[in-house]
Amino acid sequence: MGAGHKHRLHYHGHSPVHRTPAHVKLLALVAFMLVVVATPAGWWTFHGVQAVLLLGVVAASRVPPLYLAKRMVVEVPFVVFALLVPFVATGPRTDVLGLSLSEPGLVAAGALLAKGTLGVLASLTLAATTEAPDLLRGLQRLRMPDLLVQIMGFMIRYLDVVTGELGRMTTAMRARGCEPRSPRHWPVLARAMGSLFIRSYERGERVHLAMLSRGYDGSLPS
Amino acid sequence: MHVPDGFLDAPTSLATGVVAMAGVGLALRGARRELDDRTAPMAGLVATFVFAGQMMNFPVAAGTSGHLLGGALAAVLVGPWSAVLCLSVVLLVQALFMADGGITALGTNVTLMALVAVVVGWVVFAGARRVLPRRTSSIAPAAALAGFASVPAAAAVFTLLFTVGGQAPVDPGTVLVAMLSWHAVIGVGEAVITGLVVGSVVAVRPDLVYGARPVLAERELEIREVVAR
């Protein structure tokens with residue numbers, strides 16, 4: 001627990017975007033994405049304006065574009081799906097480079113890609129410019145139920161502890177000749193997951209007792 | 001696996017958002033019964049465990065891999081209400097901190113993976129527990145069955161939402177067949193892993209498995225004579 005509690009996507013900085021209160025950023029993100037999602041397919045100039053706006057925010061945040069670009073790989077499975085749409089979609093067909101593609105499918109795929117990419121980039125920008133405690137406070141100010149905020153706080157706090165534990169268990173299993181990707185070793189993997197659950201549950205009990213001994217009464221001191 | 005932004009239209013996203021909020025609201029009340037004042041730390045740690053479990057990939061077919069959804073697993077281990085909370089928080093953290101799953105699709109993702117998967121998983125588990133002999137050894141197969149059912153169920157509901165508010169002109173029938181057949185395969189992986197994990201916890205700490213409590217309560221104290229040698 002000695003290491004900093006900074007989450008993995010966060011990029012340290014002091015730009016105006018970093019300094020904006022988290023609840024404002026959250027509301028802005030949701031409003032922006034609702035507009036993006038509600039944009040009808042084929043309004044390319046509108047998507048262009050949205051992209052320029054978003055890139056403006058990214059530039060103002062002074063997070064290196066390459067830092068964000070590398071983390072956009074989470075989008076890849078979705079891109080594969082979007083690229084499949086013109087092949088399976090209904091409607092009149094057109095020939096592109098000798099392939100028979102659906103015209104409405106092409107438009108839909110373009111719109112899916114535009115919206116998905118804007119969504120991932122906007123979410124990445126929020127994650128890169130907001131620290132976890134600030135985001136939690138932002139959610140609290142937006143009236144997210146207190147219990148949910150607390151659960152989320154505990155999850156974020158122990159995320160690196162539990163994933164680190166899982167990492168050490170996997171290393172130990174590999175050192176003993178277990179190959180986690182092979183179905184033959186699933187029983188071993190499942191036992192490891194079982195003991196990870198028991199360890200997490202017991203850690204939860206210890207955390208709860210430690211909190212009680214410090215006067216916890218169901219709500220965290222602010 | 002997570003639905004991104006722009007996949008479903010805005011009205012559908014908002015409607016699933018309302019469904020998700022109602023479901024999480026109910027779960028917040030229910031979880032107090034399952035975990036009392038331990039709810040916050042326990043659900044937080046179990047959510048972390050579910051997140052770690054989702055990092056484990058298993059190969060499906062043709063070089064692609066699926067990962068554990070964990071809905072049925074969490075329902076059997078900590079009870080359905082707490083499981084809904086854990087899964088919802090996992091999805092919220094993934095959307096806000098990892099850009100995994102769109103922010104406007106958060107309601108959809110919570111509805112599919114936290115509500116449908118957990119509820120279907122729990123109902124199937126409770127049904128199977130009733131049918132199978134009342135022994136601790138029946139808990140793991142019942143959990144496996146629940147794990148299997150939860151994945152195609154979520155896929156079927158997704159297809160339904162896609163038919164209502166999908167943003168791609170694809171025939172719903174095609175989507176249904178593709179989604180169900182693909183997720184039946186993933187469901188088998190989910191079933192095996194859920195069953196094995198629950199089985200290993202039942203073997204070591206049956207008292208921690210929420211789904212095993214009725215069976216444990218009926219167990220009688222057994223005193224055996226052992227001849228000392």
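Residues numbered from 1 in each chain as written. Chains lettered and ligands numbered in written order. Predicted model: local features only at pLDDT ≥ 70, side-chain atom pairs only at ≥ 80, totals over all residues. Heavy atoms only, no water.

## Brief notes about the overall build of chain B
Right, on to step 1. Of the regular secondary structure elements, chain B holds eight helices and two strands.
Right, on to step 2. Moving toward the C terminus, one meets the helices and strands of chain B in the order α-α-β-β-α-α-α-α-α-α.
Right, on to step 3. Relative to a compact globule of 229 residues, whose C-alpha radius of gyration would be 17 Å, chain B shows 19 Å and is just as compact.
Right, on to step 4. Considering only C-alpha atoms, chain B reaches an extent of 75 × 40 × 30 Å along its principal axes.
Right, on to step 5. Buried residues in chain B amount to 60% of all 229 residues.
Right, on to step 6. A separation of at least 24 residues holds for 74% of the contacts in chain B among residues at least 6 apart in sequence.
Right, on to step 7. As displayed, chain B offers around 9,100 Å² of accessible surface, 66% of which is attributable to carbon and sulfur atoms.
Right, on to step 8. Here chain B carries 13 positive and 13 negative side-chain charges, and the mean point of each set is 10 Å from the other. (Helix = DSSP H or I, 4+ residues; strand = E, 2+ residues; numbered from the N terminus. Rg over C-alpha atoms; globule rule 2.2 N^0.38 Å. Buried < 20%, exposed > 50% of the residue type's maximum accessible area, 1.4 Å probe, protein only. Contact = heavy atoms within 4.5 Å. Areas by Shrake-Rupley, 256 points an atom, 1.4 Å probe, with all protein chains shown as cover. Lys, Arg positive; Asp, Glu negative; His and termini not counted. Charge placed at Lys NZ, Arg CZ, Asp CG, Glu CD.)

## Focus: the overall build of chain A
Right, on to step 1. Each helix and strand counted, chain A has nine helices and two strands in total.
Right, on to step 2. Counted from the first residue to the last, chain A has its helices and strands arranged as α-α-α-α-α-β-β-α-α-α-α.
Right, on to step 3. Against the globule reference of 17 Å for 222 residues, chain A gives a C-alpha radius of gyration of 23 Å, more extended than a compact globule.
Right, on to step 4. For chain A, the C-alpha atoms occupy an extent of roughly 70 × 50 × 30 Å along the three principal directions.
Right, on to step 5. Here chain A holds 222 residues, and 45% of them are scored as buried.
Right, on to step 6. On chain A, roughly 11,700 Å² of surface is accessible, and the fraction owed to carbon and sulfur atoms is 66%.

## Points about the UniProt feature "transmembrane region" (unreviewed entry) in chain A
All names here are of chain A.
Right, on to step 1. Here, the residues flagged by UniProt with the feature "transmembrane region" (unreviewed entry) are residues 26-46, 52-69, 76-94 and 106-127.
Right, on to step 2. Measuring from the first to the last C-alpha atom of residues 26-46 gives 22 Å, for a span that is 76% helix and 0% strand.
Right, on to step 3. A distance of 31 Å separates the end C-alpha atoms of residues 106-127, which is 100% helix and 0% strand. (UniProt positions renumbered as here; feature names shortened; annotations may be inferred.)

## Quick notes on the packing of aromatic side chains
Residue and element names in this part refer to chain B.
Right, on to step 1. The full count for this structure, using the stated rule, is nine aromatic pairs over all chains.
Right, on to step 2. Judged by centre distance (5.7 Å) and plane angle (55°), the ring pair of W122 and Y210 falls under tilted. Of this pair, W122 sits in helix α5 (residues 106-131) while Y210 sits in the loop between α7 (172-204) and α8 (213-218), placing them 88 residues apart in sequence. (Phe/Tyr/Trp six-rings, centres within 6.5 Å; stacked < 30°, edge-to-face > 60°.)

## A few points about the interface of chain A and chain B
Right, on to step 1. With 68 residues of chain A in contact, the opposing surface of chain B contributes 64 residues.
Right, on to step 2. Between chain A and chain B, roughly 6,000 Å² of surface is buried when both sides are summed, and carbon and sulfur atoms account for 82% of that area.
Right, on to step 3. Counting the contacts that link chain A with chain B gives one salt bridge.
Right, on to step 4. The salt bridge involving R205 of chain B is made with E202 of chain A; its shortest N-O contact spans 2.3 Å.
Right, on to step 5. For the pair chain A and chain B, the interface holds one residue pair in polar contact (both at pLDDT 80 or more).
Right, on to step 6. With 20 residues, helix α9 (residues 186-213) of chain A is the largest single contributor of residues to the side of chain A that touches chain B. (Buried area = accessible area lost by both parts, 1.4 Å probe. Salt bridge = Lys/Arg side-chain N within 4 Å of Asp/Glu carboxyl O. Polar contact = N/O pair within 3.5 Å; in protein donor to acceptor, adjacent residues only side chain to side chain.)

## Notes on a nonpolar patch on the surface
Right, on to step 1. A grouping of V73, V76, V80, L84, F87, V88 and L99 of chain A is seen on the molecular surface, where their side chains present a nonpolar patch of about 620 Å² in accessible area.
Right, on to step 2. Considering each element in turn, the nonpolar patch owes the most residues, five residues, to helix α5 (residues 76-88) of chain A. (Patch = residues over 30% accessible without salt bridge, like charges linked within 9 Å, V, L, I, M, F, W, Y side chains within 5 Å.)

## Re the packing of helix α2 (residues 22-38) of chain A against helix α3 (residues 44-61) of chain A
All names here are of chain A.
Right, on to step 1. For the pair α2 and α3, the least separation of the axes is 10 Å and the interaxial angle reads 160°. Relative to α3, the element α2 is oriented roughly antiparallel. The hand of the α2/α3 crossing is left-handed. Only F46, H47, Q50 and L54 of α3 make contact with α2, whose side of the interface consists of F32, V35 and V36.
Right, on to step 2. Here the contact of α2 with α3 is built from residues that sort into five nonpolar, two polar and no charged. (Axes fitted to C-alpha atoms, helices over the stretch in contact; angles between N-to-C directions. Parallel < 35°, antiparallel > 145°, perpendicular 65-115°, else oblique. Left-handed = near helix turned anticlockwise from the far one by under 90°. Nonpolar A, V, L, I, M, F, W, Y, C, P; charged D, E, K, R; others polar.)

## Brief notes about the nonpolar core
Right, on to step 1. M152 and F197 of chain A together with L77 and L96 of chain B are the most contacted members of the largest nonpolar core, which totals 119 residues.
Right, on to step 2. A domain split of this core shows at least three residues from each of domain 1 (16-131) and domain 2 (145-213) of chain A.
Right, on to step 3. Excluding residues that lie within four positions of it along the chain, M152 of chain A makes contacts with L136, L139 and M144 of chain A together with V89, L92, V93, L96 and F97 of chain B.
Right, on to step 4. Formed by 20 residues, the second largest nonpolar core is a distinct cluster that contains A155, L161, F162 and V175 of chain B. (Core = buried A, V, L, I, M, F, W, Y, C linked by side-chain atoms within 4.5 Å. Domains from an automatic or database assignment.)

## Here's the deal with the domain arrangement of chain A
Right, on to step 1. For chain A, the assigned domains are domain 1 (16-131) and domain 2 (145-213).
Right, on to step 2. The gap between the C-alpha centroids of domain 1 of chain A and domain 2 of chain A is 34 Å.

## Considering the side chain of K25 of chain A
Right, on to step 1. Considering the arrangement of structural elements, one finds K25 of chain A in helix α2.
Right, on to step 2. No salt bridge forms around the buried K25 of chain A; measuring N to O, its nearest opposite-charge neighbour D134 of chain A is 6.8 Å away.

## What about unusual backbone geometry?
Right, on to step 1. Although it is not a glycine, R62 of chain A sits at a positive phi angle of roughly 55°.
Right, on to step 2. Among the secondary structure elements, R62 of chain A is positioned in the loop between α3 and α4 (65-70).
Right, on to step 3. With a phi close to 55°, A99 of chain B is a non-glycine residue in the positive phi region.
Right, on to step 4. Along the chain, A99 of chain B turns up in the loop between α4 (80-97) and α5.
Right, on to step 5. For A99 of chain B, a relative accessible area of 5% gives the class buried.

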